[in-house]
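Commentary on secondary and tertiary structure
Here is how the chains run, residue by residue.
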Amino acid sequence: MSNALNQKDKAWSGRFSEPVSELVQRYTASVTFDQRLALFDIQGSLAHAGMLASVGLLSAKDLADIQKGMAQIQQEIESGQFQWSIALEDVHLNIEKRLTDLIGDAGKRLHTARSRNDQVATDIRLWLRATIDEIRKALAQVRLALINQAEQHTQTIMPGFTHLQVAQPISFGHHLLAYAAMFARDDERLVDARKRVNRLPLGAAALAGSSFPIDREMVAKTLGFEGVCENSLDAVSDRDFAIEFTHTASLIMMHISRLSEELILWMTSRYGFVVLPDRFCTGSSIMPQKKNPDVPELARGKTGRVYGHLMGLLTLMKGQPLAYNKDNQEDKEPLFDTADTVLDTLRAFAEMIEGMQPQPKAMRQAALEGYATATDLADYLVKKGLPFRDAHEAVAHAVRAAVEKKCGLEDLSLEDLKAFSPLVEADVHQVLTLEGSLNARNHLGGTAPEQVKAQAQKARAALPKL
Ligand code: ARG
């Protein structure tokens, strides 16, 4: 990147008697990172120019020159030939300067009725709108992978946990669909946030609007915005839409992190519930036996940096008086990093979940070990007429006896069980099986395989067609 530029070439140099120091130039420039907005900047400029021409503020010839110049600039940027300059501060001034070099005065007329303040707010919104659409796609792939696995494993039984202690047997598919439900809500939040992103700031100019007869609705329409920001001060100054997005991104990462934590546990030899494909794991440089779940661990770790960006953006906004302040230039790096982190994470997870190999034998063994059907025994006694609290007490004694005998509840004989309640009859053993326990929970939202299958179908139907 070059920083060679005559001070007089700066867009605002007229007011100044000495050049900015090199340090200040570097400190205040954003082009190293906001060049990422370049194509959106061009898109916004073309819409603005089209509107200027339509209301008579730009000649047809000037508009044609601007369109031609921008096409060339876009080509230069896409092919990597564009010469970015730190001295030109940001993406907007870099492009404008090049346009003027290419087409002369028409390039200088483009900035009529516009300021970088409404220009940058427009660029970010255009970028974020496209980014949200990308993230929704990646999120849908993760949901799809979870649903596919869940459908294969409606009948696979694992121990469900509370307090990380074996609680009740559940379908592995049911467990996976819990995450599909979380991600479905995240998608709703993205759709909702997108509505507020999708509004046009352009026309607010520096802060107060423009003295020219501009047509903001026309620009909004050209750019596919659902409406315009109706207060010019608000349009250039607030970044709440970016914070909302980062908040939703934080929730996505929070859900990913919980799933990661489980995958990491499940990968240990103590659990052995799943095997992750080798391409998502790494080895140890010293311990030859190791296969580490690096991708879930990193995702858990990266969740922290996305939370950090949310805090950063909230803090960036909180002290700013109206309207635009240069502080807002600091919104980009956290936003970009949030989007990159979430997208990479979701893409990796979609593939990893698709390739995950569940281990039904190990899950079943673990479910058999923790007295997971004790609640079923209590429910059985309740159905025979015992009040639940008394049933709970009777079963607690049965569990203690089984613990002492180092066996499962289902291994106790009918006689043994009868000793805890005379209501126990020969049909009790069916209740104590893992399958019996699952099948009994056959209602909307329950873990019975039939319900899990229906749940998976609904989740699949709810996937966006992107
Ligand atoms: N690079 C600036 C930003 O990212 C563009 C807007 C600058 N406006 C200004 N008046 N200095 O926010």
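Read on for a plain summary of the structure. The structure presented is a predicted model; accordingly, all values stated were derived computationally and were not measured.

Across its full length, the chain holds 20 helices and six strands. A compact globule built from 466 residues would reach a C-alpha radius of gyration of about 23 Å, whereas the chain, at 31 Å, exceeds it by more than 25%. Each principal axis of the C-alpha distribution contributes one length, and for the chain these read about 100 × 50 × 40 Å. With 466 residues in all, the chain has 49% of them scored as buried. Of the contacts made within the chain by residues no fewer than 6 positions apart, 74% connect residues no fewer than 24 positions apart. As displayed, the chain offers around 22,400 Å² of accessible surface, 53% of which is attributable to carbon and sulfur atoms. Each charge class in the chain can be summarised by its mean position, and for the 53 positive and 59 negative side chains these summaries are 1 Å apart.

The next thing to look at is the pairing of strand β1 (residues 157-162). Of the strand pairs in this sheet, β1 and strand β2 (residues 165-171) are connected by six bridges, and their pairing is antiparallel. Residue pairing in the sheet places F161 in a bridge with V166 of β2. Between β1 and β2, which follow one another and run antiparallel, lie two residues, and H163 among them has a positive phi close to 55 degrees.

Between the first and last C-alpha of helix α20 (residues 449-461) there are 18 Å, a value that for 13 residues agrees with the 18 Å anticipated at 1.5 Å per step. For α20, the complete set of buried residues consists of P449, Q451, V452 and A456. Looking straight down α20, one finds that the buried residues subtend no more than 150 degrees of arc, so they occupy a single side. Among the exposed residues of α20, those pointing more than 90 degrees away from its buried face are E450, K458 and A461. The secondary structure elements touched by the buried residues of α20 are α7 (116-152), β2, α8 (172-197) and α19 (434-440).

What follows concerns the site of the ligand. Near the ligand you find S30, D34, D90, H92, R116, N117, V120, Y324, Q329 and K332, and these make up its full shell. At a separation of 3.2 Å, a nitrogen atom of the ligand approaches a polar side-chain atom of S30. Note that an oxygen atom of the ligand is positioned 2.4 Å from one of the side-chain N or O atoms of Y324. Protein contacts shield 86% of the accessible area of the ligand, which totals 340 Å² for the unbound molecule. Counting residues per element, the shell around the ligand draws most heavily on α7, at three residues.

Conventions adopted
Residues numbered from 1 in each chain as written. Predicted model: local features only at pLDDT ≥ 70, side-chain atom pairs only at ≥ 80, totals over all residues. Heavy atoms only, no water. Helix = DSSP H or I, 4+ residues; strand = E, 2+ residues; numbered from the N terminus. Rg over C-alpha atoms; globule rule 2.2 N^0.38 Å. Buried < 20%, exposed > 50% of the residue type's maximum accessible area, 1.4 Å probe, protein only. Contact = heavy atoms within 4.5 Å. Areas by Shrake-Rupley, 256 points an atom, 1.4 Å probe, with all protein chains shown as cover. Lys, Arg positive; Asp, Glu negative; His and termini not counted. Charge placed at Lys NZ, Arg CZ, Asp CG, Glu CD. Pairing = 2+ DSSP bridges. Expected span 1.5 Å × (residues − 1). Arc of directions from axis to C-beta. Near = heavy atom within 4 Å. Polar contact = N/O pair within 3.5 Å; in protein donor to acceptor, adjacent residues only side chain to side chain.

Fair warning: the whole summary comes from geometry, so function is off the table for now.
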